[in-house]
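Residue strings, one per chain:
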Amino acid sequence: MVAVTELGYVGLTVSDPDAWKKYASECIGLEVYDENEPDRFYLRMDNWHHRFVMHTGASDDLAYMGWRVAGEPELHEMEALLRENGVEYSVGTIEENEERRVLGHLKLNDPAGTPIEIFYGPRVDLHLPFHPGRRMHGRFVTNNAGLGHCLIASTDLAASYEFYRMLGLSGSIEYHLGTPNGVIKPIFMHCNDRQHSIAFGVPSDGKMLNHMMLEYTHLDDLGASHDVVRKREIPVALQLGKHANDKALTFYSQTPSGWLMELGWGGCKSEPQQSYHHLDVFGHGPEATGVGLDVEL
Ligand code: MBD
Ligand code: FE
């Protein structure tokens, strides 16, 4: 069975590109990469041409998620699978493939209306080694684990679960969590070593994107980011803590777009069997409320 292999890239729409350039480089360590296109710039985190396309626009939300398959035959298999399941899609044109720096891709929507692209053959620029936006002790965890994870909105948990299962992801409910409005049961799914590449089931405030998670190879880089975020008094939704599911040490703070960035270190590999939790290992104490993650972890 064909399956996606990683969350390869994301497109984000941002209303304040200058704030984002500063934030991405100084608070996170990402490389700002500009090809002088008037409506967008890129963020790099490894040797790929880009991992983020930052489109100028009003929505301050996710524009699309790019899910990778191995190659052209797998993209054709994915097309057949989408047709079998009655999912509408379009095939990227030569111009659209060039725009994304991929050899081929399909465009479709998930059941909540979130734009999805399935692609193969990203442009990898080995002549342009990753140049972090600030001093770093290590690097970002990517390789076969993809760029990180997204927690996105779902309007129908069962429909979202079936859709991402169709794309080849596995997972389950991994928490029963208290919120001001009752217990929620979010679902976490993986397609490679990263414990989860996507999650859904946290109430949405209207945006498709609740948070993105990026992972450092070195604890000291997480600490440095935490220092910068604290020094700039950026709202922190959940303080440093260790998740019960992926075991990552993380904290959540607000991006210039309003949705949250979860920066982390030390995540464990995905497991074939499922389990669920009520609370995290330690920490993740709530701080800033009303910024999208009022949960008891
Ligand atoms: C996560 O990455 C996360 O965002 C939440 C809410 C719970 C466990 C792992
Ligand atoms: Fe997360």
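These numbers come from a predicted model, not from an experiment. (Residues numbered from 1 in each chain as written. Chains lettered and ligands numbered in written order. Predicted model: local features only at pLDDT ≥ 70, side-chain atom pairs only at ≥ 80, totals over all residues. Heavy atoms only, no water.)

Quick look at the packing of aromatic side chains
What counts here: Whether two aromatic rings pair depends on their centres lying within 6.5 Å, for rings of Phe, Tyr and Trp, where Trp uses its six-membered ring; planes under 30 degrees apart make the pair stacked, over 60 edge-to-face, and the rest tilted. Think of it this way: any DSSP run of H or I at least four residues long counts as a helix, any run of E at least two long counts as a strand, and we number them from the N terminus. Whether a residue is buried, partly exposed or exposed follows from its accessible area with a 1.4 Å probe, protein chains only, as a fraction of its type maximum: under 20%, in between, or over 50%, in that order.
What the rule picks out here adds up to 11 aromatic pairs. On the basis of an interplanar angle of 80° and a centroid distance of 6.1 Å, the ring pair of Tyr9 and Tyr64 is categorised as edge-to-face. Pair noted here: Tyr9 is in strand β1 (residues 6–14) and Tyr64 is in strand β5 (residues 61–68), with a separation of 55 residues, a long-range link. Residue Tyr9 shares its accessibility class with Tyr64, and that shared class is buried. Centroid distance Phe130 to Phe140: 6.0 Å. Interplanar angle 70°. Geometry classified as edge-to-face. You can see Phe130 sitting in the loop between β8 (115–122) and β9 (149–152) and its partner Phe140 sitting in the loop between β8 and β9, a full 10 residues away along the chain.

Quick notes on the site of ligand 1
Rules: Here a residue is considered near a molecule or strand provided that any single heavy atom belonging to it is located within 4 Å of it. Polar contacts, as counted here, are pairs of nitrogen or oxygen atoms within 3.5 Å of one another; within protein the pair requires one atom able to donate a hydrogen and one able to accept it, and residues that are adjacent in sequence qualify only if both atoms are side-chain atoms. Surface accessibility in these figures is a Shrake-Rupley result with a 1.4 Å probe; residues are shielded only by whichever protein chains are displayed.
Around ligand 1 sit His149, Tyr175, Phe188, His196, His211, His243, Asn245, Tyr252 and Glu262, and that is every residue in its neighbourhood. For ligand 1, an oxygen atom lies 3.1 Å from a polar atom in the side chain of His196. His211 places a side-chain nitrogen or oxygen 2.9 Å from an oxygen atom of ligand 1. Relative to its free-state accessible area of 260 Å², ligand 1 is covered by the protein chains to the extent of 99%.

Details of the domain arrangement of the chain
In plain terms, the rule: Domain limits in this description derive from either an automatic procedure or a database domain assignment. We call two residues in contact whenever any of their non-hydrogen atoms come within 4.5 Å of each other. By definition, the buried area sums, over both parts, the 1.4 Å-probe accessible area that each loses when the two are put together.
Along its sequence, the chain is organised into domain 1 (6–122) and domain 2 (143–283). The gap between the C-alpha centroids of domain 1 and domain 2 is 20 Å. Between domain 1 and domain 2, the contact holds 40 residues from the first and 39 residues from the second. Both sides of the domain 1 and domain 2 interface together cover about 3100 Å² of buried area, and 70% of this is carbon and sulfur. The three residues of domain 1 that bury the most area against domain 2 are Tyr23, Cys27 and Trp67, which together make up 18% of that side's buried surface.

Concerning the sheet that holds strand β19 (residues 282–283)
The line we're drawing: Note on pairing: DSSP must find at least two bridges between two strands before they are called paired. Angles shown run from 0 to 180 degrees and are taken between the N-to-C directions of axes, each axis being a line fitted to C-alpha atoms and, for helices, limited to the stretch in contact.
A sheet is described by the order of its strands in space; here nine strands give the open sequence β10-β13-β14-β9-β15-β18-β17-β16-β19, paired in mixed fashion. For this open sheet the edge positions go to β10 (170–173) and β19, each flanked by a neighbour on one side alone. Of the strand pairs in this sheet, β9 and strand β15 (residues 209–216) are connected by four bridges, and their pairing is antiparallel. Bridge assignment links His149 to a residue of β15, and that residue is Met213. Most of the contacts of helix α1 (residues 17–28) go to strand β18 (residues 260–265), to which it runs at about 20°, and overall it touches β15, β17 (249–254) and β18.

Section: the environment of Glu117
Inspection of the secondary structure puts Glu117 in strand β8. Distance in space between the C-alpha atoms of Glu117 and Trp67 is 6.1 Å, their sequence separation being 50 residues. Other than its neighbours up to four places away in sequence, Glu117 contacts Tyr9, Tyr64, Met65, Gly66, Trp67, Arg100, His105, Leu106 and Lys107. Polar contacts involving the side chain of Glu117 include one to the side chain of Arg100, which spans 2.7 Å.

A word on the coordination of the iron ion (ligand 2)
Selection rule: The donor set covers N, O and S atoms within 2.8 Å of the metal, switching to 3.2 Å for Na, K and Ca, and it leaves out water, so a site may look short of donors.
Around the iron ion (ligand 2), the protein contributes the donor atoms His149 (NE2), His211 (NE2) and Glu262 (OE), at 2.1 to 2.2 Å from the metal centre. Here the donor residues of the iron ion (ligand 2) share one chain and are spaced in sequence as H-x61-H-x50-E. Taken together, the residues span a long stretch of sequence, with His211 in strand β15 and Glu262 in strand β18 at a distance of 51 residues.

Some points on the sheet that holds β8
Pairing is mixed in the open sheet, where eight strands are placed in the order β2-β3-β4-β1-β5-β8-β7-β6. The sheet is open, and its two borders are formed by β2 (31–33) and β6 (90–91), each paired with just one other strand. Note that β5 and β8 share four bridges and pair parallel. Residue pairing in the sheet places Gly66 in a bridge with Glu117 of β8. Across the sheet, α1 lies against β1, β2, β3 (40–44) and β4 (52–56), angled at about 10° from β3, the strand it touches most.

Quick word on the nonpolar core
This is how it is decided: Remark: nonpolar core denotes a set of buried residues (Ala, Val, Leu, Ile, Met, Phe, Trp, Tyr, Cys) joined through side-chain atoms within 4.5 Å.
Among the nonpolar cores identified, the biggest contains 61 residues, and Phe52, Met65 and Tyr164 are the most heavily contacted of them. The element contributing the most residues to this core is α1, with five residues. Shared between two domains, this core holds at least three residues of each, these being domain 1 (6–122) and domain 2 (143–283). Discounting chain neighbours no more than four positions away, the residues touching Met65 are Leu7, Tyr9, Val10, Thr114, Pro115, Ile116, Glu117, Cys150, Ile152, Tyr164 and Ile198. Among the nonpolar cores identified, the runner-up in size contains 17 residues, and Leu151, Ala237, Leu293 and Val295 belong to it.

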